[in-house]
Amino acid sequence: MDKLIVEGGHKLVGNICISGAKNACLPILAAALLTEEECVISNVPLLKDVSTMINILASLGRDVKKEGDKVIIARGRVTNVTASYEMVSTMRASVAVLGPLIGRYREAKVSFPGGCVIGPRPIDLHLKGLRALGVDIDIKEGYIIAKAKKLKGNRIYLGGHFGSSVLATDNTLMASVLAEGETIIEDAACEPEVTDLVEFLQSMGADISGKGTPTLRVRGVKKLKGAKHSVIPDRIETGTYMIGAVITGGKLFLEGTTVDHNLALMDKLHECGGEIKEHKSGIEISRKTNKIKATDVTTLTYPGFPTDLQAQMMSLVTIGDGISVITEKIYPERFIHISELNRMGANIILEGSTAIIKGVPSLSGAPVMASDLRASAALVLAGLVADGKTEIARVYHLDRGYERIEEKLTACGAKIYRVKE
Ligand code: EPU
C-alpha cells in the first residue's frame, strides 16, 4: 500500500486547477443508464471511484470509454441488471445504479452496501422512495432485489433522522423520470451535486421543476434521449485547498471554481482569519492574520457546513488561537481523524458528536493512518504545517476523491511525495 510523506513548513503559493465534482459525476454516470442513446460527460475527474462506476456500467453491458476528461457511454442497452457485491463493496455510491435500472428496465439486483468507517449509513430512504413509486423490494443473500410492473408517480416525503439524503434523492429522482404521472419529492436534498444531476436529466428530456429546492416535481415522460453534460467543479476539493491556503498562511488561486457552493466554509474561514476574493475565473485565498483564530462549526445539509469538510476544518483549528468546537450532525461518528491529529500533538477531546479543540502552538510530524477520504485530506493539511515529516499510510483513500493531489500541491511549493510499497 502506498504512503505519502509530507515535509511540513512550506506555504502553499500558486494556482490550482479544480477538477470536476466526484459526487456529482458518479450519479450522473449512472443516470446514463436511463437512455439507450449516447451520453458524453465531460469535466470528469480521474479518480478511483470514477473508474469503479465505469466498471459497473461496463459490467451491466454498456460500452464506456474514458477519453481525457470525457466519459462516453455509447448507444446500447444493458444486458444484465445485477451490480455485484465485488463492485458495490468497493464503493457505496454504486447504489446509484438502483434508481436508473428500475426506472428504465423495471428490475435491478444491487448488492446491499456494507459498513462504512464514517458510521452507519442506512439506505432505508432509498428503499422508501422506490417503494412509494410502486417498486417491490426484497432483500435476499445480501442483495436488494427490486422489481416493478409499472412505476406510478407519488408524493414522497424523503426526510430522515439526519435531514435529507443526497443519494436517496438521486435514486428516487432517477426512478421517477420515466414513471407514469407526477412525482413530488419533499425534503429532497439541495446539494449542488443533486442540482447537477437534475440538469443532466433535464438535458436528456426529463420534466423536472424545483431544482435546488427541497421540493422536486417530476412529470414522467415516455423516453429519455442521449445528452452531453459538463460536471460542476468539486466544492469539497475547492474547500480543502481553501483551508490549505489558510492553514499554511500562503496564497492560492483556485481556478475554474466558485465560492457560490462554499458559502458556509467561506464564512468560517473569514472568522479564522482567511481573506477571500471572488473572480470570474476562480477564487483567490490567503490569510490576513498572523495567527489562525478559533471558531465553532456545525455540519449540516446544504447550504450548511458540509460534513465532507469537517475533518479538514478540524486540522485548521488544531493550531488556532483559542478553543474551537466542531459538532457533526450528519455522521455523528465521523471522528476517526481525532486520534491521528492528537498523535501529531493536537489537543482534541470528543464529547458525543462534538469535538473540543484546544489550539496548540504547533503540530509535530508523525506516522499516521488515513481512515477515509476526507480524514486523509485532513492529515495532509496537518502535515503541511507540522514540524518535520508526516508519513501517511493507506493513501488509497485519497486516490478515490482527490485528482493528482501531490502534483497540485507540489506545484504550489509543498514538499510531498509518494512511496510505493
Ligand atoms: N441516511 C439515512 N437513510 C438513508 C440514507 C441516508 O438515514 O437511506 C442518513 C445517513 O446515515 C446520514 C445522512 O442521512 O446521516 C446523510 O447521508 P446521505 O444519504 O446524504 O449520504 P450519501 O448520499 O450516501 C453523499 C456523499 C458523501 C457525503 C454525504 C453527505 C456521494 C457519492 N457521497 O453520501 O460523500 O458525505 O452525501 O453530504 O455523493 C465523501 O465524498 O467523502 C462522502 C462520504
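Throughout what follows, the structure given in this document is the object of discussion. Only a predicted model underlies this, so the values are computations on that prediction, with no experimental measurement involved.

Let us now look at the site of the ligand. Surveying the vicinity of the ligand reveals 23 residues, the closest of which are Asp124, Leu125, Ser165, Asp308 and Ile330. Asparagine 23 places a side-chain nitrogen or oxygen 3.0 Å from an oxygen atom of the ligand. One nitrogen or oxygen atom from the main chain of valine 166 is found 2.8 Å from an oxygen atom belonging to the ligand. Counting residues per element, the ones that place at least two in the shell around the ligand are α1 (22-31), α5 (124-132), α6 (166-176) and α12 (373-385). Sort the elements by how many residues they give to the shell around the ligand and α5 lands first, with three residues. Classifying every residue of the shell around the ligand by side-chain character gives 12 nonpolar, five polar and six charged. A domain-level breakdown of the shell around the ligand finds at least three residues from each of domain 1 (2-19 + 233-420) and domain 2 (22-230).

With nine of its 10 residues buried, α1 lies for the most part within the structure. Looking at α1, one finds that the buried residues are Lys22, Ala24, Cys25, Leu26, Pro27, Ile28, Leu29, Ala30 and Ala31.

Attention now goes to the pairing of strand β22 (residues 347-351). For β22 and strand β23 (residues 354-358), the ladder comprises five bridges, and the chain directions are antiparallel. Bridged to leucine 350 within β23 is alanine 355. In textbook terms, the turn of a hairpin is the stretch between consecutive antiparallel strands, and for β22 and β23 this stretch comprises two residues, one of which, glycine 352, has a positive phi near 65°.

This part covers the pattern of salt bridges. In the structure shown here, the tally under the stated rule is 22 salt bridges. In this structure, the salt-bridge partner of aspartate 399 is arginine 418, at a minimum N-O distance of 2.8 Å. Remark: arginine 418 occurs in strand β26 (residues 415-419) and aspartate 399 occurs in helix α13 (residues 396-399); sequence separation between them is 19 residues. Here the salt bridges do not stand alone but share partners, grouping Asp2, Asp399, Glu406, Arg418 and Lys420 into one network.

Rules behind the numbers
Each chain carries its own residue numbering, running from 1 in the written order of its sequence. Where local features are concerned, this predicted model is filtered to residues with pLDDT of at least 70; where side-chain atom pairs are given and counted, the filter is 80 or more; whole-chain, interface and lining totals use all residues. Calculation of side-chain values draws on the structure's entire complement of heavy atoms; hydrogens and water are dropped beforehand. Throughout this document, a residue counts as near a molecule or strand when at least one of its heavy atoms sits within 4 Å of that molecule or strand. Here a polar contact means two N or O atoms within 3.5 Å. Within protein one must be a hydrogen donor candidate and the other an acceptor candidate, and residues neighboring in sequence count only if both atoms are side-chain atoms. Segments assigned H or I by DSSP are reported as helices when at least four residues long, segments assigned E as strands when at least two residues long, and all are numbered from the N terminus. Throughout this entry, Asp, Glu, Lys and Arg are counted as charged residues, while Ala, Val, Leu, Ile, Met, Phe, Trp, Tyr, Cys and Pro are counted as nonpolar. The remaining residues, Gly among them, count as polar. Residue ranges for the domains originate in an automatic or database domain assignment. Exposure is judged per residue with a 1.4 Å probe applied to protein chains only, and the accessible area is read against the type maximum: over 50% gives exposed, under 20% gives buried, and values in between give partly exposed. Strand pairing is defined by DSSP finding a minimum of two bridges between the two strands. Any carboxyl oxygen of Asp or Glu that lies within 4 Å of a side-chain nitrogen of Lys or Arg is treated as forming a salt bridge with it.

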